[in-house]
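Remarks on the overall topology
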Amino acid sequence: MSVWHYNRLETFDEDMWLKHLYNAEVSHVFFHPQLINVWLDTYEPLRDIEPIFVEATSDDGNVALMPFVLWKRNWKNAFIHTIIPIGYSDFDYHDPIFYRCPSNESLYAYWEGLNDFLKQFNADEILIDGIRTGIIDCKHQWQKGEVCPNLDLEKINSDDDLFSFFSTKLRGDIRRQIRRLGEMGNLRFKEYVSGDEVPAEIWNQFMVAHSKKWPNAYKAPGVHKNLLKECSIDGPVYFSTLMVDDMPIAWHLGFEYNGVYYYYMPVGNPEYATQSPVKVHLFYLISRAIKKNIQIYDHLRGDETYKSGWSNGYTNVYSIKRNSRSFGSLVKHSILKLRNR
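Residues numbered from 1 in each chain as written. Predicted model: local features only at pLDDT ≥ 70, side-chain atom pairs only at ≥ 80, totals over all residues. Heavy atoms only, no water.

**Structural notes on the packing of aromatic side chains**
Given two aromatic rings, one states the distance between the centres and the angle between the planes to describe the pair. The condition is simple: Working definition: a ring pair exists when centres of Phe, Tyr or Trp rings (six-membered ring for Trp) sit within 6.5 Å. Plane angles under 30 degrees give stacked, over 60 give edge-to-face, the rest tilted. Counting from the N terminus, the helices are DSSP H or I runs at least four residues long and the strands are E runs at least two residues long. Here's how the labels work: a residue is buried when its accessible area is under 20% of the maximum for its type, exposed when over 50%, partly exposed in between, all with a 1.4 Å probe on protein chains only. Only when the NZ of Lys or the CZ of Arg is both within 6 Å of the ring centre and within 35 degrees of the ring normal is a charge said to sit over the ring.
This model, assessed by the stated rule, comprises 34 aromatic pairs. Relative to Tyr 264, the ring of Phe 30 lies with its centre 6.4 Å away and its plane at 50°, an arrangement referred to as tilted. A residue pair is termed long-range when its members are at least 10 positions apart, and Phe 30 in the loop between α1 (14-23) and α2 (33-43) and Tyr 264 in strand β11 (residues 260-268) qualify at 234 residues. Seen in terms of ring centroids, Phe 189 and Tyr 284 are 5.9 Å apart; in terms of plane orientation they differ by 10°. Their pairing is stacked. Of this pair, Phe 189 sits in strand β8 (residues 187-191) while Tyr 284 is found in helix α8 (residues 277-291), placing the two residues 95 residues apart along the sequence. Phe 189 sits in the partly exposed class, given a relative accessible area of 22%. The cationic tip of Arg 73 hangs over the ring face of Trp 71; the distance from NZ or CZ to the ring centre is 4.1 Å. Just above the ring of Phe 163 sits the side chain of Arg 175; from NZ or CZ to the centre is 4.3 Å.

Have a look at this one:
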């Protein structure tokens with residue numbers, strides 16, 4: 001079994017982190033330095049959090065990077081101290097960045113050693129979530145979470161291939177809606193070179209439409225606007241709209257990294273709901289991914305019905321939580337349990 005050695009990085013060396021990320025066999029966009037910094041810059045003024053960047057090396061030459069924060073919660077949460085991955089509920093995946101994909105035995109040793117290492121920070125609980133199927137081990141008691149559908153584009157090389165993949169019903173609906181929208185005006189797919197290029201009015205319309213669609217979804221003040229500042233035509237943050245003349249009828253804020261496109265935050269203009277603008281926008285986004293030789297179109301967490309027609313694979317995310325057995329931690333959890341009755 002591999003033996004892992006753990007170290008807390010004293011500083012966040014973005015160049016080192018990025019180099020590791022691009023050379024790693026196990027990686028994802030949510031631990032890209034730009035997204036890490038956006039999340040920290042957003043939440044540090046809002047929460048009492050302390051970053052903990054963990055580097056682990058194994059005797060067989062593997063290296064893993066994992067960013068956490070120690071979250072010192074307020075009186076409403078009984079002053080519980082929680083260790084969570086950076087990104088927490090805002091980002092879908094929290095897999096460690098492994099230089100080489102470890103065996104199951106090595107994964108068991110990694111997770112066991114990581115838990116022991118994190119105990120030194122005297123947290124009342126350690127919550128690790130957003131870990132995908134291939135990165136959990138079979139010995140710990142992981143809790144199975146949401147399904148994450150995806151579309152493998154390896155054998156889809158053109159729009160014709162994409163239409164052939166769709167069901168007859170979906171194929172006909174997309175073509176019909178494109179035709180209907182085209183009859184209303186100049187239908188065009190608009191992508192933005194940078195966040196500065198996105199008009200304030202279009203961004204505000206996007207955020208208002210998204211808030212109306214998901215009124216109970218928590219959005220940390222400024223988190224999405226901060227993401228937009230990192231927008232680029234090639235990612236890691238990417239923003240596009242579907243337009244009829246000068247009217248945006250659908251918006252999408254997503255991510256692109258290392259051959260994967262991440263379908264993160266779509267919304268449609270409710271005034272055009274009968275024309276299925278989100279569906280048409282999704283078609284244009286996948287068509288773009290094909291032209292750019294993107295390998296995977298990742299629909300991220302959630303088993304929404306529409307995703308089945310646009311997917312040919314899936315993974316799941318898992319979580320594991322460990323509570324401290326110290327007297328103080330037991331008291332805090334007891335208080336919180338009473339408050340939540």
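**Things to note about the packing of α1 against α2**
Note the threshold: Only the contacting stretch of a helix is used when fitting its axis, a line to C-alpha atoms as for every element, and angles between N-to-C directions run 0 to 180 degrees. Note that the term roughly parallel is reserved for angles under 35 degrees, roughly antiparallel for angles over 145, roughly perpendicular for angles of 65 to 115, and oblique for everything else. Here, two residues are considered to be in contact whenever any of their heavy atoms come within 4.5 Å of each other. The classification used treats Ala, Val, Leu, Ile, Met, Phe, Trp, Tyr, Cys and Pro as nonpolar, Asp, Glu, Lys and Arg as charged, and all other residues, Gly among them, as polar.
Across the interface, α1 lies against α2 with an axial gap of 10 Å and an inter-helix angle of 130°. Of the possible angle classes, the one that applies to α1 and α2 is oblique. Along its contact with α1, which presents Glu 14, Trp 17, Leu 18 and Leu 21, the element α2 presents Pro 33, Ile 36 and Asn 37. Of the residues contributing to the contact of α1 with α2, the split by class is 5 nonpolar, 1 polar and 1 charged.

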